[in-house]
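# Architecture at a glance
Here is how the chains run, residue by residue.
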Amino acid sequence: MIEIKNISKWYGAFRVLTDCTTQVEKGEVIVVCGPSGSGKSTLIKCVNGLEAFQQGDIFVNGTSVGDPKTNLPKLRSHVGMVFQHFELFPHMTITENLSIAQVKVLGRSRDEANERGMKLLDRVGLKQHAHKHPGQLSGGQQQRVAIARALSMDPICMLFDEPTSALDPEMVNEVLDVMVQLAQEGMTMMVVTHEMGFARKVSNRVIFMDQGSIVEDATKEDFFGKPRSERAQQFLSKILSH
Amino acid sequence: MLALDFAFFTPDVISGYIVKGFIFSLQLTLVAMIGGIVLGTLLALMRLSGKTWLVMPAAAYVNTMRSVPLVMVILWFFLLIPLVIGRPLGAETSALITFTLFEAAYYSEIMRAGIQSVSRGQVAAGYALGMTYRQTMGLIVLPQAFRNMLPVLLTQTIILFQDTSLVYAIGAYDLLKGFEIAGKNFNRPVETYLVAAVLYFIISFSLSMLVRKLQQRIAIVR
């Protein structure tokens, strides 16, 4: 589904990604973790072309992201993305947030889009908030709406860029619950997160990044059981010690 | 002691001299506001495009307009355009075009700040949903930029309304001109200029108050 082949990226002279290679099969859930500044967010943003890269290529369902002839908006329209800071559109109601891209990008009728949006809003348990603006919801609620918005496009896979990092602790679980449910339904997911409980519960593989490189790419059993690299061992002991 | 006599200011004088000019001043303000915001937004998008061949001409245009006194732009446009197109344009039409072009430079700086006030994440969210540059700008960024900048845009419009009086340089019949002619005909220039000043003050000041109210409302909504 997602093939990342020898990706390298520079900001000027500074190399942020070094020769990253991995793949996500259909129905797989991959967790990407690592210390801040390790390039994990940059890597996931390369997958749908929000960040450009200078070397290597990424294929989503066989389509090259690096090829300048690729219709990126079209590719992105069926790759869902959830951001750290939700990025709901503050000048629109929740209903409009859910329907705008369906109407403008997929060409669905407003009724059809609203119906699909409401169904997904109900699914994340926020149907009664449809008429509100994003600013009136809590962080956890906003992130659930953001997930519903991404799902409204009927994506073939979902990218999550630290979806719980900006949330108050008591709101983390309501978002993770939605993500776990999604994973169990067989959605292909690439998730940048530090939530090791989530990784343990639903991931197939865990990728550990450090200084722009993929240091470890292992099944979750191997990763949590016996990480090979010293750097990953240190990282795990730090975040699992409490 | 200054002897002022306003007795000549009858409704007939007002409808005969003032109304026509007042309508033109309003028309000029509205046209320059709408045209200036549309043109200014395009200039702002050009300057933020990151493409040198768009940034350079837009920056040159904005900086030139902002560095030349308005009254000179009005004069030059009025004198030069007939030479280019081969026939006179008329003071009113000339003023409408000049003000639109001139104000676009100022509105573009406001819209540029407004666009930059919308976070990069909003742009990324638009793109991630499969929107094109046009859709992301038109549906996501510009509505927020416009809302954030509304008080500043309106304040600029109040300044624009005051500046419309500069069309006296080319003899266009605006609000001030109406008062000036009435003052000459009745030989009461001090009184007419006084009334004109009070009228400009009332309009500008009440609009400023309105903007302040609006600012408070936007601050609450945010």
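### Details of the overall build of chain A
Helices and strands together make up the secondary structure of chain A, namely nine helices and 10 strands. For 242 residues, the compact-globule estimate of 2.2 N^0.38 gives 18 Å, and the C-alpha radius of gyration of chain A, at 18 Å, lies within 12% of that figure. Summarising its shape, the C-alpha atoms of chain A cover approximately 55 × 45 × 30 Å along the three principal directions. Sorting the 242 residues of chain A into buried and exposed places 56% on the buried side.

### Re the layout of surface pockets
Volume-wise, the largest pocket comes out at about 740 Å³. Surrounding the largest pocket, 28 residues form its lining, B:Arg120, B:Gly121, B:Val123, B:Ala124 and B:Tyr127 being those nearest its centre. Among the secondary structure elements, those contributing two or more residues to the lining of the largest pocket are α2 (72–77) of chain A together with α4 (91–116), α5 (120–128) and α6 (133–163) of chain B. Tallying contributions element by element places α5(B) first for the lining of the largest pocket, with five residues. Broken down by class, the residue content of the lining of the largest pocket amounts to 14 nonpolar, seven polar and seven charged.

### Let's talk about the interface of chain A and chain B
Counting from both sides, the interface comprises 20 residues of chain A and, opposite them, 18 residues of chain B. Surface buried jointly by chain A and chain B totals about 1,600 Å² across both partners, of which 69% is contributed by carbon and sulfur atoms. When residues of chain A are sorted by the area they lose upon contact with chain B, A:Glu87, A:Phe89 and A:His91 head the list and together hold 32% of the total. For the pair chain A and chain B, the number of links is zero salt bridges. The interface formed by chain A and chain B contains four residue pairs in polar contact (both at pLDDT 80 or more). Looking at the side of chain A that touches chain B, the elements that each hand over two or more residues are α2, β6 (79–82) and α3 (94–104) of chain A. Residue composition of the side of chain A that touches chain B, grouped by class: 13 nonpolar, three polar and four charged.

### Comments concerning the packing of helix α4 (residues 110–123) of chain A against helix α5 (residues 139–151) of chain A
Residue and element names in this part refer to chain A. Packing of α4 against α5 brings their axes to within 9 Å, and their N-to-C directions diverge by 140°. With respect to α5, the axis of α4 lies oblique. When you trace α4 past α5, the crossing you get is right-handed. Contacts between α4 and α5 involve Arg116, Leu120 and Leu121 from the first element and Val145, Ala148 and Leu151 from the second. A breakdown of the residues in the contact of α4 with α5 according to their chemical character gives five nonpolar, no polar and one charged.

### Things to note about empty space enclosed by the protein
Throughout the structure, instances matching the rule amount to one cavity of 30 Å³ or more. For the largest cavity, the calculated volume is near 60 Å³. Taken together, A:Met81, A:Phe83, A:Phe86, A:Ala146, A:Arg149, A:Ala150, B:Ala125, B:Ala128 and B:Leu129 form the lining of the largest cavity. Of all the elements in the fold, those that place two or more residues in the lining of the largest cavity are α5 of chain A together with α5 of chain B.

### Some details on the sheet that holds strand β3 (residues 29–33) of chain A
All names here are of chain A. The strand order across the open sheet formed by six strands is β6-β7-β8-β3-β9-β10, and the pairing between neighbours is mixed. Among the strands making up the open sheet, the edge pair consists of β6 and β10 (213–219). In this sheet, neighbouring strand axes are inclined to one another by 15° on average, regardless of whether the strands run parallel or antiparallel. Relative to strand β7 (residues 157–161), β6 runs parallel, the two sharing four bridges. Residue Val82 lies in a different strand from β7, and its bridge partner there is Phe160.

### Regarding the confidence of the model for chain B
The predicted model of chain B has a mean per-residue pLDDT of 92, with 98% of residues at 70 or higher. Reported confidence for the predicted complex is 0.94 by ipTM and 0.89 by pTM.

### A short note on helix α2 (residues 52–67) of chain B
Over its 16 residues, α2(B) runs 22 Å from end to end, which matches the ideal 22 Å to within 8%, given 1.5 Å per residue. Buried residues in α2(B) make contact with α1 (11–47), α3 (70–85) and α4 of chain B.

### Quick notes on the sheet that holds strand β5 (residues 63–64) of chain A
All names here are of chain A. Strand order in the open sheet made by the four strands is β2-β1-β4-β5, with antiparallel pairing throughout. Only two strands of the sheet have a single partner each, and these edge strands are β2 (14–24) and β5. Note that strand β4 (residues 55–60) and β5 share two bridges and pair antiparallel. Bridge pairing in β5 places Val60 opposite Thr63. Of the strands in this sheet, β1 (2–11), β2 and β4 touch helix α1 (residues 40–47), which is tilted by about 120° from β1.

### What about the pairing of strand β9 (residues 205–210) of chain A?
Residue and element names in this part refer to chain A. Among the six residues in β9, six count as buried, and that is most of the element. In this sheet, β10 lies alongside β9 in antiparallel orientation, the contact comprising six bridges. Counted as the bridge partner of Asp210 is Ser213 from β10. Once β9 ends, the chain turns through two residues before running back antiparallel as β10, passing Gln211 with a positive phi of about 50°.

### What to know about the packing of aromatic side chains
Evaluation of the coordinates by the stated rule reveals nine aromatic pairs over all chains. For the ring pair A:Phe208 and A:Phe235, a centre distance of 5.1 Å and an interplane angle of 50° mean the geometry is tilted. Within this pair, whereas A:Phe208 is found in strand β9, its partner A:Phe235 is found in helix α9 (residues 230–239), the two being separated by 27 residues in sequence. On the basis of relative accessible area, A:Phe235 is assigned to the buried category, the value being 8%. Seen in terms of ring centroids, B:Phe201 and B:Phe205 are 5.3 Å apart; in terms of plane orientation they differ by 10°. Their pairing is stacked. In this pair, B:Phe201 and B:Phe205 both sit in helix α8 (residues 189–221), four residues apart, roughly one turn of the helix. Overall, the relative accessible area of 43% leaves B:Phe205 in the partly exposed class. Three or more aromatic residues joined by ring pairs form one cluster here, namely B:Phe8, B:Phe9, B:Tyr17, B:Phe179 and B:Phe186. Here the basic side chain of A:Arg200 rests over the ring of A:Phe224, its NZ or CZ set 4.6 Å away from the ring centre. Lying over the aromatic face of B:Tyr106, B:Arg66 brings its terminal NZ or CZ to 5.5 Å of the ring centre.

Criteria and cut-off values
By convention here, each chain's residues receive numbers from 1 onward along its written sequence. In the order they appear in the text, chains get letters beginning with A and ligands get numbers beginning with 1. Side-chain atom pairs in this predicted model are given and counted only at pLDDT of 80 or more, local residue features only at pLDDT of at least 70, and totals for whole chains, interfaces and linings cover all residues. Excluded from the side-chain calculation are hydrogens and water; included are all heavy atoms of the structure. Strands here mean DSSP runs of E at least two residues long; helices mean DSSP runs of H or I at least four residues long; both are numbered from the N terminus. The globule rule is 2.2 Å times the number of residues to the power 0.38, and the radius of gyration it is compared with is taken over C-alpha atoms. Each residue is assigned to one of three classes by its accessible area relative to the maximum for its type, calculated with a 1.4 Å probe on protein chains only: buried under 20%, partly exposed between the two thresholds, exposed over 50%. With a 1 Å grid laid over protein atoms only, a set of points is called a cavity when a 1.4 Å probe fits there but cannot get out and a pocket when it is open yet has protein on both sides within 12 Å along at least five of seven lines; lining residues have an atom within 4 Å of a point. Grid points are joined across faces, edges and corners, and a volume is the space filled by probe spheres set on the points. Just so you know the grouping, Ala, Val, Leu, Ile, Met, Phe, Trp, Tyr, Cys and Pro go in nonpolar, Asp, Glu, Lys and Arg go in charged, and all remaining residues, Gly too, go in polar. Throughout, a residue-residue contact means that at least one pair of heavy atoms, one from each residue, lies within 4.5 Å. Buried area is a sum: the accessible area each of two parts loses on coming together, probed at 1.4 Å, counted once for each and added. Criterion for a salt bridge: a side-chain nitrogen of Lys or Arg within 4 Å of a carboxyl oxygen of Asp or Glu. Here a polar contact is taken to be a pair of N or O atoms separated by no more than 3.5 Å, where protein atoms must pair a possible hydrogen donor with a possible acceptor and residues adjacent in sequence count only if both atoms sit in side chains. To obtain an axis, a line is fitted to C-alpha atoms, over the contacting stretch when the element is a helix, and the angle between two such axes runs from 0 to 180 degrees between their N-to-C directions. Each angle receives one of four descriptions, namely roughly parallel if under 35 degrees, roughly antiparallel if over 145, roughly perpendicular if within 65 to 115, and oblique otherwise. Take the far helix as your reference; a near helix turned counterclockwise from it by less than a right angle gives a left-handed crossing, and one turned clockwise gives a right-handed crossing. Think of it this way: DSSP has to see at least two bridges between two strands before they count as a pair. Per-residue confidence from the prediction method is given by pLDDT, with values spanning 0 to 100. A helix is expected to reach a length of 1.5 Å times the quantity of its residues less one. Pairs were defined over the aromatic rings of Phe, Tyr and Trp, the Trp ring being its six-membered one, requiring ring centres within 6.5 Å. Orientation was assigned from the angle between planes: stacked under 30 degrees, edge-to-face over 60, tilted for the rest. Only Lys NZ and Arg CZ are tested; either one counts as a charge over a ring when it is within 6 Å of the ring centre and within 35 degrees of the ring normal.

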